[in-house]
Amino acid sequence: MKNKLVFTALILFCCSCLWAQKVEKIYPGIWKITYGKPEKFLPTDFKEPAAESAIKQLSDEAAPFAFDGIRFRKVKNGVVAGFHVDDTEKFYGFGLQSNTFQQRGLRREIHINDNIVGDIGFGHASLPFFISSKGYGVLVNTACYTTFFMTNKRKLKDSSASGKDINRAAATSPDELYNRLMTEMPDEVEIAVNGSEGMEIYVFGGPNVRDVMQRYNLFSGGGALPPLWGMGLKYRAKNTFNAAQVLKFMKYFRENDIPCDMFGLEPGWHSAAYSCSYVWNPDNFPNPDSILRATQTMNFKLNLWEHAYVHPTSPIFEAIVPYSGDYTVWRGAVPDFTMPAARKIFSDFHEKEFLKKGVAAFKLDECDNSFTSASSELTFPDITQFPSGITGDRYHQLFGLLYQKTLLDMYRRNNLRTYLDVRASYLFASPLACSIYTDMYAHSDYVRMVVNSGFSGLNYSPEVRSTGSAADLIRRMQTTLMSAQMLVDCWFMSNPPWFQFDRDKNNRDEILPNYKDLEQKAKHLIELRMSLIPYLYTAFAKYRFDGIPPFRSLMLDYPDDENVLEIDDQYMMGDELMCAPFLDGASTRTVYFPQGVWYDFNTRRTYQGGRSYDIAMTLDEIPIFVKEGAIIPLAKPVQYITPETVFDVTCYVYGNSARQTSLFEDDGYTFDFDKGIFNRIMLEWANGKGSHSKTGLYDGSKYNITGWIKY
């Protein structure tokens, strides 16, 4: 009996050691906490190498909270972790959330999905990563479905039967009845990872939210630096267009001097689109080489729509089947991109048939999950088994990320940069030159996703499609101008939306009588975007090297200003410009100005920081405000960007004294910047005079500083 007790005690001791949490400090201000058995497929297995030298230049912070206060426990269907938080903390992030901003008091279910499905956290890039207003971030390194309870549940032991909690009064509404006990919020965050035998947590220190995002982005490998041409306009044509119709609208842009860099083809270019053949449709494009030559002759960068479900008629179908899941989507094979062999088959074909022939980019559709109806076949089921051993539920979380990497790695090995569109993404996507798009269309959601993208290491671009009015069209164009990619998507419209904003009338060619006026307004906005390219490209370079998001919440720049903690409809664009989109065609809105003095970009009127103003703007005015002391380099607009493009730049100075700033300069097309082949052009205003100087290894020139103007 004694020996049996000793043996039992030994087993219990070994189990306690096995399941004890382990804390490692892996970089300055970054910790890894592990508990239990690791998952076979972790997001970190697929991320880019960390930007170690940049991380090590950041301050070495102490742990933001006591890690031994994290309590792990195994449950029947996974692992749960919990820890207490301060009652003043607010929480942000969880990826590209569309209808929430501050996340305290909510449940966040991390499911990649093409529809929001209520307000529980589903989305195109829902991430198991949140940030606290106290200056730390918590990331769960998992491909499993994960639920975060952000102080929204009270445990039984925390409840009280004392007289002060008894309220016998009748409720006057369901909300009052259901929420009566939530007047004092719980102070515990709990995280449930479904189907796992362990949990791996990364904690990113501050001391403020900006530092948290720097550490996360640099740990991911640094921010994305798209090609210079990726800063321009992308126009996507109707999905039914043939070669003649495509050429007609390419000529329209050039003949009317409307800047446009990228031209996108929708599903009609495929011989089979659902699933995809990756073969040109012989009816619409009988001579694909001619359309490729035409786009290059007119200096467009061609972007092709596709998804990764491989049609039985595709040239790669037989080769990809052994590396695909056991369920189809639209009869197409689903490649297992966790496997190098599947990635090689897919990318080698794309390289030979498209990249080598001049296709500059792709739109990667349908790579998200789909909870829309019980019958539609929009994705593979969670029960799918893949040859690598990954299951459908976990592959759903990683699919969009791995799809991006498959094609981005193809461009990288050819030393060519690209800028992809993608429908889904996941953790550690910061270095990936992709912009997420959605099928949602509420203007307020669009703006909120731009703001939330800065907490996630993601690029997000609102689309302009059909609208409810001319004012709505122009306000939406302003918003897409003020985002990671300026995008007009006419995949279901025969004409540009400024010809006719109503979809049905557009397709009947019922052109607006004032379309020329709308066309000029649209042209002016596109030209403004082209003017901002030197500023925007430099902001993306700062993202790449320093990890600072180019589009971000005001709280990343003003963490001590409590007034910005709930603002989800204003954001910074780079270091010097604040955007405050006017929604749904509005002509007025309230704008909050953080500390300092701010200039209206249109009129140069000034506003004192620390307070809100009611602002009115015409459709000819852009809702951008400039920080006092800024030097804003604006270029003379060009129609498109080529390797030979040189921008004529005028520097605008706001205020009597200005901060030194810089422009990032490289060839704009290759990855040579990773070898240090780039320049910094320093811009300085002193003694009433502007000057510039250049340092670096790039022997070309992209900017010609032509003048200075002071406001």
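Quick notes on the rules
Residues numbered from 1 in each chain as written. Predicted model: local features only at pLDDT ≥ 70, side-chain atom pairs only at ≥ 80, totals over all residues. Heavy atoms only, no water. Helix = DSSP H or I, 4+ residues; strand = E, 2+ residues; numbered from the N terminus. Rg over C-alpha atoms; globule rule 2.2 N^0.38 Å. Buried < 20%, exposed > 50% of the residue type's maximum accessible area, 1.4 Å probe, protein only. Contact = heavy atoms within 4.5 Å. Phe/Tyr/Trp six-rings, centres within 6.5 Å; stacked < 30°, edge-to-face > 60°. Salt bridge = Lys/Arg side-chain N within 4 Å of Asp/Glu carboxyl O. Pairing = 2+ DSSP bridges. Arc of directions from axis to C-beta. Axes fitted to C-alpha atoms, helices over the stretch in contact; angles between N-to-C directions. Parallel < 35°, antiparallel > 145°, perpendicular 65-115°, else oblique. Expected span 1.5 Å × (residues − 1). pLDDT = per-residue confidence, 0-100. Disulfide = S-S within 2.5 Å. Lys, Arg positive; Asp, Glu negative; His and termini not counted. Polar contact = N/O pair within 3.5 Å; in protein donor to acceptor, adjacent residues only side chain to side chain. Nonpolar A, V, L, I, M, F, W, Y, C, P; charged D, E, K, R; others polar.

> So what's going on with the overall build of the protein chain? Which residues, and what values?
Along the backbone of the protein chain there are 15 helices and 33 strands. The C-alpha atoms of the protein chain give 26 Å as radius of gyration, which agrees with the globular expectation for 711 residues (27 Å, within 12%). Within the protein chain, buried positions represent 61% of all 711 residues. Within the protein chain, counting contacts between residues at least 6 apart in sequence, those at least 24 apart form 71% of the total.

> If you had to explain the packing of aromatic side chains to someone new, which residues and values would you point to?
Evaluation of the coordinates by the stated rule reveals 70 aromatic pairs. Residues W685 and W708 carry aromatic rings whose centres are separated by 5.9 Å and whose planes lie at 35° to one another, so their mutual orientation is tilted. Note that W685 is positioned in strand β31 (residues 679-686) and W708 in strand β33 (residues 703-710), a separation of 23 residues in sequence. Given the relative accessible area of 13%, W685 is considered buried. Through a chain of ring-to-ring contacts, the aromatic side chains of Y274, Y278, W305, Y309, W330, F337, F346, F380, F386, Y395, F399 and Y403 assemble into a single cluster.

> Any chance you could break down the pattern of salt bridges for me, citing the residues and the numbers?
In this structure the tally under the stated criterion is 45 salt bridges. Between K90 and E566 there is a salt bridge, with the nearest N and O atoms lying 3.0 Å from each other. Taken together, the positions of K90 in the loop between β4 (78-84) and β5 (91-95) and E566 in the loop between α15 (554-557) and β21 (571-573) put the pair 476 residues apart, joining distant regions of the chain. Across the pair D667 and R417 runs a salt bridge whose closest N-O atoms are separated by 3.9 Å. Note that D667 is positioned in the loop between β30 (661-665) and β31 and R417 in the loop between α9 (392-413) and β16 (420-422), a separation of 250 residues in sequence. Looking at D667, the relative accessible area reads 19%, which means it is buried.

> Please provide a residue-by-residue account of the side chain of R108, values included.
When you line up the elements, R108 lands in strand β6 (residues 107-110). Ignoring sequence-local partners within four residues, the contact set of R108 consists of F94, Q97, T100, Q103, D119, I120, G121, T146, T147 and F148.

> With reference to specific residues and values, describe the sheet that holds strand β20 (residues 551-552).
Pairing in this open sheet of six strands is antiparallel, and the strands run β20-β21-β22-β27-β24-β25 from one edge to the other. Only two strands of the sheet have a single neighbouring strand rather than two, namely β20 and β25 (606-608). With three bridges joining them, β21 and strand β22 (residues 577-579) adopt antiparallel strand pairing. Within the sheet, the bridge partner assigned to M572 lies in β22 and is M578.

> Could you give an account of helix α6 (residues 288-297), with specific residues and numbers?
Among all positions of α6, only P288, I291, L292, A294 and T295 are buried. All buried residues of α6 fall inside an arc of 160° around its axis, so they share one side. Along α6, exposed side chains directed more than 90 degrees from the buried face belong to R293 and T297. Along its buried surface, α6 packs onto α5 (243-255) and β14 (301-306).

> Go over the sheet that holds strand β9 (residues 146-150) with me, naming the residues and quoting the values.
Strands sit in the order β3-β4-β10-β9-β6 across an open sheet of five strands; the sheet is antiparallel. Edge positions in the sheet fall to β3 (71-75) and β6, since each has one partner strand and no second. Looking at each pair of strands side by side, their axes are set apart by 15° on average, direction ignored.

> Give a description of the environment of Q245 that names residues and reports values.
Considering the arrangement of structural elements, one finds Q245 in helix α5. Given a relative accessible area of 31%, Q245 falls into the partly exposed group.

> Outline the pairing of β5, listing residues and values.
For β5, the tally of buried residues reaches five of five residues, placing the bulk of the element in the interior. Bridging between β5 and strand β7 (residues 126-132) involves four bridges; their strand directions are antiparallel. The residue of β7 that forms the bridge with Y92 is I131.

> Break down the packing of helix α10 (residues 443-453) against helix α11 (residues 470-481) for me, with residues and values.
Between α10 and α11, the least distance of the axes is 11 Å, while the angle of their chain directions is 10°. Compared by their axis directions, α10 and α11 come out roughly parallel. In contact with H443, Y446 and V447 of α10, α11 contributes D472, R475, R476 and T479.

> Report on helix α14 (residues 533-546), specifying residues and quantitative values.
With 14 residues, α14 ought to run about 20 Å at 1.5 Å a step, and its terminal C-alpha atoms sit 19 Å apart, in line with that. Along α14, eleven of the 14 residues are buried, which leaves the element largely enclosed by surrounding structure. Restricting attention to buried positions, one finds in α14 the residues I533, P534, Y535, L536, Y537, T538, A539, F540, A541, Y543 and R544. Just beyond α14, the residue with positive phi is G547, at close to 80°.

> Run through the confidence of the model for the protein chain, naming residues and quoting values.
With 93% of its residues at a pLDDT of at least 70, the protein chain reaches an overall mean of 93. Confidence drops under pLDDT 50 across residues 1-18; counting only partners more than four residues distant or on other chains, this segment forms one contact.

> Let's hear about the environment of V488: which residues, and what values?
As for its position among the elements, V488 is in strand β19 (residues 486-489). Under the relative-accessibility criterion, V488 is labelled buried at 0%. Along the chain, V488 and N506 lie 18 residues apart, while their C-alpha atoms are 15 Å from each other. Apart from the residues lying within four places of it in its own chain, the contact partners of V488 are L233, K234, Y235, R236, V464, M477, P497 and W498.

> Before we move on, could you go through the state of the cysteines and cite the residues and values that matter?
Following the criterion strictly, the structure yields zero disulfides and no others. Between C434, a cysteine without a disulfide, and C367, which holds the nearest cysteine sulfur, the sulfur-to-sulfur distance is 9.3 Å. C434 gets classed as buried once you look at its relative accessible area, which sits at 4%.

> I'd like to hear about the side chain of D336, residue by residue, with values.
Residue position: D336 is located in the loop between α7 (317-320) and α8 (340-353). Although D336 is buried, it makes no salt bridge; R343 carries the closest opposite charge, 7.2 Å away. Within the local environment of D336, its side chain forms a polar contact with the side chain of T338, the two groups lying 2.5 Å apart.

> Talk me through unusual backbone geometry; I want residue IDs and the actual numbers.
Each neighbour pair has its own omega, and for G206 with P207 the value is 25°, a cis peptide bond. Examined against the element boundaries, P207 turns out to sit in the loop between β11 (198-205) and α4 (209-220). Across the junction of Y274 and S275, the peptide omega takes the value 0°, indicating a cis bond. Relative to the elements of secondary structure, S275 occurs in the loop between β13 (262-265) and α6. The backbone phi angle of R604 is positive, close to 65°, even though this residue is not glycine.

> How would you explain the packing of helix α13 (residues 515-531) against α14 if you had to name every residue and give the values?
Two elements in contact, α13 and α14, have axes whose closest approach is 5 Å; the angle formed by their N-to-C orientations is 50°. By the angle class used here, α13 and α14 are oblique. Across the interface between the two elements, R529, M530 and S531 of α13 pack against I533, P534 and L536 of α14. For the contact of α13 with α14, a count of residues per class yields four nonpolar, one polar and one charged.

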